[in-house]
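Single-letter residue listing:
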Amino acid sequence: MLRKWLFGAVALIVVAGVGIVIARRERRQVVAVPPPTEANFVGAVQPRATVAVGAPAAGVLDNYFVDPGQQVFQGQLLGKLRNDQAEEAQKKAQADLDQAQESVTNLNSELLAAKLESSRATADQARLRNEIGRLEKEYTLQKQYWDEGITPRLTYEKAERDYLAAKMDLDQQDALASRAKDRLAELANEIDAAHHAIKEASEALDHAKSATQGAELHSPSDGMVVAKRGQPGDTVDPSMQDLVKIAPDLTALEVDASPGPEVLSRMRAGQAVRVRVPELSAEEMTGVVREVRGPQVIIDFTSPAPIAKLDLVAQVRIKF
């Protein structure tokens with residue numbers, strides 16, 4: 001019995017010793033693997049800076065004339081808003097201006113006719129004055145002859161009738177000439193008022209046009225459209241300051257990438273990277289990590305040539 005107990009104890013000690021040897025050997029065989037010294041990933045290329053074009057006034061988005069990825073120049077019409085009140089004001093101002101201009105045209109025609117009428121009245125007035133002077137002399141002479149009894153009654157009475165008739169004609173002609181002059185003065189005042197109306201209507205039309213033109217979206221610089229907001233028919237107001245976004249510098253670019261947690265955990269702002277965009281250049285370009293933002297990393301780089309389209313993909317290589 002004692003022999004069996006001793007044998008079991010020895011066996012137990014041997015097994016334990018073998019286990020210890022095996023454990024030590026396994027620990028010696030575990031070799032620590034160092035982290036990689038380089039990582040590669042891809043990301044989306046986009047312009048680094050943009051300028052926004054907002055709604056200049058309240059209204060309805062009428063139309064866009066550009067799309068993302070399209071090259072534009074400074075001052076180019078990007079889109080147009082519809083402002084019903086401004087358009088109605090412009091129509092009314094135009095109608096008022098047309099009416100005032102038509103009034104001036106008609107008054108000028110009347111003025112020309114009135115000048116001709118006044119000229120004729122003045123000429124007839126002068127002719128009658130000359131005639132009445134002659135008839136008055138004849139009447140005075142025949143009256144003297146009649147008083148002296150040396151002229152026939154009929155001759156005297158005819159001279160008297162001719163003189164009185166001419167005097168009546170002159171009175172009528174004087175009144176006609178006076179009315180013609182008054183009409184000229186009246187027309188001159190009406191034309192002055194019509195010209196004033198034209199000035200006011202022109203100013204109102206310019207103001208209305210300015211309000212209508214103010215509902216247009218124009219590019220603030222040369223560049224590329226990178227985004228636009230809304231669809232025709234949408235209501236907009238001045239608080240919407242990003243209806244269109246323009247990238248003015250197409251060589252100052254950035255890469256927006258999500259390299260994965262293993263790589264992201266080792267990336268810091270300011271690290272240098274190498275960037276390659278096959279559609280821009282076969283050569284790698286130097287880039288710098290600008291920001292690590294959550295699962296994303298933003299890398300700045302400068303292209304030797306401006307991009308010609310959006311949605312480019314960059315290959316990024318970083319060494320640790």
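Relevant structure appears above.
Residues numbered from 1 in each chain as written. Predicted model: local features only at pLDDT ≥ 70, side-chain atom pairs only at ≥ 80, totals over all residues. Heavy atoms only, no water.

Enquirer: In this structure, what is going on with the sheet that holds strand β10 (residues 252–257)? I would like to understand it.
Expert: One closed barrel accounts for six strands, arranged β1-β10-β13-β12-β11-β14; its pairing is antiparallel. Mean inter-strand twist for the sheet, computed between neighbouring axes without regard to direction, equals 40°. One ladder, built from six bridges, connects strand β12 (residues 285–293) with strand β13 (residues 296–302); its direction is antiparallel. Residue pairing for β13: Val289 is matched across the bridge by Ile299. (Pairing = 2+ DSSP bridges. Helix = DSSP H or I, 4+ residues; strand = E, 2+ residues; numbered from the N terminus. Axes fitted to C-alpha atoms, helices over the stretch in contact; angles between N-to-C directions.)

Enquirer: What am I meant to see in the sheet that holds strand β6 (residues 216–218) here?
Expert: Picture the strands of a sheet paired through backbone hydrogen bonds; they go either parallel or antiparallel. Pairing is antiparallel across the open sheet formed by four strands, whose spatial order is β6-β5-β3-β8. Lying at the two open borders of the sheet, with one neighbouring strand each, are β6 and β8 (235–236).

Enquirer: Can you help me understand the packing of aromatic side chains in this one?
Expert: Remark: the centre distance and the inter-plane angle together describe each pair of aromatic rings, the angle taken between the planes. By the definition in use, this model includes three aromatic pairs. Judged by centre distance (5.2 Å) and plane angle (5°), the rings of Tyr139 and Tyr163 are stacked. With Tyr139 in helix α2 (residues 84–148) and Tyr163 in helix α3 (residues 153–213), this pair connects stretches of sequence that are 24 residues apart. Neither residue differs from the other here; Tyr139 and Tyr163 are each classed as buried. (Phe/Tyr/Trp six-rings, centres within 6.5 Å; stacked < 30°, edge-to-face > 60°. Buried < 20%, exposed > 50% of the residue type's maximum accessible area, 1.4 Å probe, protein only.)

Enquirer: Explain the side chain of Ser219 here, please?
Expert: As for its placement among the helices and strands, Ser219 is situated in the loop between β6 and β7 (223–228). Residue Ser219 is classed as buried on the basis of its relative accessible area of 3%. Residues within four places of Ser219 in sequence aside, it is in contact with Val72, Phe73, Gln74, Gly75, Gln76, Leu78 and Ile246. (Contact = heavy atoms within 4.5 Å.)

Enquirer: Sorry if this is basic, but what is going on with unusual backbone geometry here?
Expert: A negative phi angle is the norm for most residues apart from glycine, just as the trans form is the norm for most peptide bonds. If you check the backbone angles, Asp311 has positive phi at about 65° while not being a glycine. Residue classification places Asp311 among the exposed residues on the basis of a relative accessible area of 71%.

Enquirer: Explain the environment of Gln315 to me, please; I cannot follow it from the model alone.
Expert: Here Gln315 lies in strand β14 (residues 312–319). Distance from Gln315 to Arg276, taken between C-alpha atoms, is 5.1 Å for residues 39 residues apart in sequence. Leaving out residues up to four positions away in the same chain, Gln315 has contacts with Phe41, Val42, Arg274, Val275, Arg276 and Pro278.

Enquirer: Got a minute to help me understand the side chain of Thr151 in this structure?
Expert: Following the sequence through the fold, Thr151 ends up in the loop between α2 and α3. For Thr151, a relative accessible area of 10% translates into the label buried. A distance of 2.7 Å separates the side chain of Thr151 from the side chain of Gln142, its partner in a polar contact. Residue contacts for Thr151: discarding those within four places in its chain leaves Gln142, Tyr145, Trp146 and Tyr156. (Polar contact = N/O pair within 3.5 Å; in protein donor to acceptor, adjacent residues only side chain to side chain.)

Enquirer: Help me out: how do you make sense of the pattern of salt bridges in this one?
Expert: Where side chains of opposite charge bring their charged atoms close, a pairing between them can arise. This model, assessed by the stated rule, comprises 21 salt bridges. In this structure, Glu38 engages Arg317 in a salt bridge whose closest nitrogen and oxygen atoms are separated by 3.5 Å. One end of the pair, Glu38, is in strand β1 (residues 38–47); the other, Arg317, is in strand β14, with 279 residues separating them in the sequence. Taking relative accessible area as the criterion, Glu38 reaches 32% and is therefore assigned partly exposed. The partner of Lys143 in a salt bridge is Asp147, and the shortest N-O contact between them spans 3.4 Å. (Salt bridge = Lys/Arg side-chain N within 4 Å of Asp/Glu carboxyl O.)

Read these as spatial facts, not as claims about activity.
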